[in-house]
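The lines below spell out each chain.
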Amino acid sequence: MIDLRSDTLTRPTEAMRAAMAAAEVGDDVYGEDPTVRALEERVAALLGHEAALFTPTGSMANVLGVGLLVEPGQEVLCESRAHIARAELGAHGAIGGLTMRTWSRPDGGVDLAELAELIAPDLGPFFVRTAAISLENTHNFAGGTVLPVAVMAGVRELAGAAGAAVHLDGARLWNAHVATGTPLAEYGRLADVVCVCLSKGLGAPVGSLVVSDADRIAQARVRRKRLGGGMRQVGVLAAAGLHALDHHLERLADDHGHARVLAEALGVDPAGVATNIVVATRPDAAEVVRRAEEAGVRISAVGPRTVRVVTHLGVTTAQVQGAARVLARL
């Protein structure tokens, strides 16, 4: 079975398992795990921020990250198919007590003029105020699209003028970095809080990080414990993240090339595929998924008429070529 449902399906390599087994550990709730500290310091530096916090999941990272910027009763703005809006089970409202409004773009991007009209300034105790704008880069459900730095800078300017902050859901920011050559710190400087994931294209089994200034990360550490996310000798997991950064970052370009092969098989213009995700419209997505699995290829339905394939380090070039033949027939 060739599994293209998600890049979360990767399994630790033997070298990664060895790094995990050899990790020096301590009690991270006390802040005494040296491997966790090394990972947090490294990722914070890569993104040009002061500090970072290791979390077990990307959803927890986003709940903490958005919650650092938006108080209960305030709002965050995001694209209508953003992960924080569609795939975190309403956690931001249920846990954070915030509200959310959205804009919609086929490519998951931003129309700056439209966003300017959407931002609600502080008008006193009468209306909900926009406290933050959340961007997703790359955008999962739009097909792994990359949000250009110039657009992010425009959002940053609009937010600053309105007294709002910027949250960046960078679960796959590594892919944007590799696809465009844009330094991670260039992305990082355009957001007040950045969340990145280690367990997708980088291939670690667990883990994300919230990145921001030292004061916010100190708050996030308390809130993580409140959510049940305080972990003890978790350096065995942080070691996987460090190994991934050393050995799995640049190879993301292979996944991007594989995605373009699959795009062509699905009738999608490969030139429009920037990273490792391809979405295609079909009259009956569930039926396509069923028939593909019968032929030995697992893909996802992410809507009644939308299928998605995602490439990752667990799929070889030969497997991609085989999957392409199956999908082209379908």
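Draft legend 1. The packing of helix 3 (residues 58–67) against helix 10 (residues 214–226), seen in detail. At a minimum axis separation of 10 Å, helix 3 and helix 10 run at an interaxial angle of 130°. By the angle between their directions, the pair helix 3 and helix 10 is classed as oblique. Relative to helix 10, the crossing made by helix 3 is right-handed. For the pair formed by helix 3 and helix 10, the contact residues are Met 60, Leu 64 and Gly 67 on the first element and Ala 220, Arg 223 and Arg 224 on the second. For the contact of helix 3 with helix 10, the class distribution of residues is 3 nonpolar, 1 polar and 2 charged.

Draft legend 2. Main features of the packing of helix 1 (residues 14–21) against helix 11 (residues 235–247). At a minimum axis distance of 8 Å, the contact between helix 1 and helix 11 shows a crossing angle of 135°. Viewed along their axes, helix 1 and helix 11 adopt a mutual orientation that is oblique. Once helix 1 is placed against helix 11, the crossing between them reads as right-handed. On helix 11, the residues touching Ala 15, Met 16, Ala 19 and Met 20 of helix 1 are Val 236, Leu 237, Ala 239, Ala 240, His 243 and Ala 244. When the residues that make up the contact of helix 1 with helix 11 are grouped by side-chain class, the tally is 9 nonpolar, 1 polar and no charged.

Draft legend 3. How the structure looks around the nonpolar core. By size, the foremost hydrophobic cluster in this structure holds 49 residues, and its most contacted members are Leu 39, Ile 133, Leu 135, Leu 173, Trp 174 and Leu 209. Of all the elements, helix 11 adds the most residues to this core, at 5 residues. With residues up to four places along the chain from it excluded, the contact list for Leu 209 reads Leu 39, Glu 40, Val 43, Ala 52, Leu 53, Phe 54, Thr 55, Ala 61, Val 194, Cys 195, Val 196 and Leu 198. The next biggest cluster of nonpolar side chains, apart from the first, holds 24 residues, and it includes Ile 2, Ala 259, Val 273 and Val 320.

Cut-off values and rules
Residues numbered from 1 in each chain as written. Predicted model: local features only at pLDDT ≥ 70, side-chain atom pairs only at ≥ 80, totals over all residues. Heavy atoms only, no water. Axes fitted to C-alpha atoms, helices over the stretch in contact; angles between N-to-C directions. Helix = DSSP H or I, 4+ residues; strand = E, 2+ residues; numbered from the N terminus. Parallel < 35°, antiparallel > 145°, perpendicular 65-115°, else oblique. Left-handed = near helix turned anticlockwise from the far one by under 90°. Contact = heavy atoms within 4.5 Å. Nonpolar A, V, L, I, M, F, W, Y, C, P; charged D, E, K, R; others polar. Core = buried A, V, L, I, M, F, W, Y, C linked by side-chain atoms within 4.5 Å. Buried < 20%, exposed > 50% of the residue type's maximum accessible area, 1.4 Å probe, protein only.

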